[in-house]
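Residue-level structure breakdown
One letter stands for each residue in the lines below.
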Amino acid sequence: MIIVGLTGSIGMGKSTAAGMFRELGVPVNDADEVVHMLYSGEAVAPVEAAFPGVAKGGVIDRAELSLRLVAAPERLAELERIVHPLVRAKEQEFVARHRAGGAPFVLLDIPLLFETKAEARLDRIVVVTCDPEMQRERVMKRPGMTAEKFAMILERQVPDSEKRARADFVIPTDISMDETRASVRRIVACLTGRGDS
């Protein structure tokens, strides 16, 4: 089974591309979804212990946690030390389950793929990209997004040009949805050995 990583800087259209892989029957493990799940499960107690007051009603309040990190960005590494091992364990369960089920390949949607050195455990890497102006426009429309928060996120991410240089496949999303979908179809065909379909 081929293990494929999907990544892209914030606002590049990664979630849209992941959805297109799902539509074609590819098993997708979304790291952000896993974090959401952990923030109402195993991660609640250790995150609340490190950041008292961020748990509300037994769930981590992501907006409150985000405010804390904007105020003290140096504490992000502390949060990652708690959350990343839990996310990795869920990812390993996902891969094992689909390997046992005979899937030809799985897609791991990992926002900080290069930043967390995840490429070491992947067979192929897909990077989603778009024009920087379009990226900024998309991101600034998000609820609670500020220029300061966007700058902080970008600062933590490997530049788009470097991601593209290190990718096996690149999916542009500043084109039509049909063209983006065609790129996804070509990648699936390539990885399953079915030719271009």
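Residues numbered from 1 in each chain as written. Predicted model: local features only at pLDDT ≥ 70, side-chain atom pairs only at ≥ 80, totals over all residues. Heavy atoms only, no water.

Thoughts on the packing of aromatic side chains
Cut-off, in case you're wondering: The aromatic pairing rule takes the rings of Phe, Tyr and Trp, using the six-membered ring of Trp, and pairs them if the centres are within 6.5 Å, calling planes under 30 degrees apart stacked, those over 60 edge-to-face and the rest tilted. Definition used: whenever NZ (Lys) or CZ (Arg) falls within 6 Å of the ring centre and also within 35 degrees of the ring normal, the charge is taken to sit over that ring.
Following the criterion strictly, the structure yields zero aromatic pairs and no others. Directly above the ring of F51 sits R75, whose terminal nitrogen or CZ lies 4.1 Å from the centroid.

Quick word on the pairing of strand β7 (residues 169–172)
Rule in force here: Throughout, exposure labels follow a simple rule: accessible area from a 1.4 Å probe, protein chains only, divided by the maximum for the residue type, with under 20% read as buried, over 50% as exposed, and the rest as partly exposed. In this description a helix means any DSSP run of H or I spanning at least four residues, a strand means any run of E spanning at least two, and both kinds are numbered starting from the N terminus. Strand pairing is defined by DSSP finding a minimum of two bridges between the two strands.
Covered by surrounding structure in β7 are F169 and I171 only, the residues V170 and P172 on the alternate face being uncovered. Relative to β7, strand β6 (residues 124–129) runs parallel, the two being bridged by four bridges. Within β7, the residue paired with V127 across the bridge is V170.

Re helix α2 (residues 31–38)
To be explicit about the condition: The arc under discussion is defined with respect to the helix axis, by the directions toward the C-beta atoms. Throughout, a residue-residue contact means that at least one pair of heavy atoms, one from each residue, lies within 4.5 Å. Whenever a nitrogen or oxygen atom comes within 3.5 Å of another N or O atom, the pair is scored as a polar contact, on the condition that within protein one atom can donate a hydrogen and the other can accept it, and that pairs from neighbouring residues in sequence are kept only if both atoms are in side chains.
When α2 is considered as a whole, its buried residues turn out to be A31, V34, V35 and L38. Within α2, the buried residues cover an arc of 100 degrees as seen down the axis, which keeps them to one side. Its buried side turned inward, α2 meets β2 (28–30), α3 (44–50), α4 (62–71), α5 (76–100) and β5 (105–109). For α2, the side-chain oxygen to backbone nitrogen distance between the N-cap and D32 is 2.8 Å, and the N-cap itself is D30.

Some details on the pairing of β6
Burial analysis of β6 places five of its six residues in the buried class, the great majority of the element. Two strands pair when backbone bridges link them, and strand β1 (residues 2–7) and β6 are joined in this way by four bridges, in the parallel orientation. The residue bridging L6 from the neighbouring strand is V126, located in β6.

Thoughts on unusual backbone geometry
Located in the positive-phi region is K117, a residue other than glycine, with phi close to 60 degrees. Relative to the elements of secondary structure, K117 occurs in the loop between β5 and β6.

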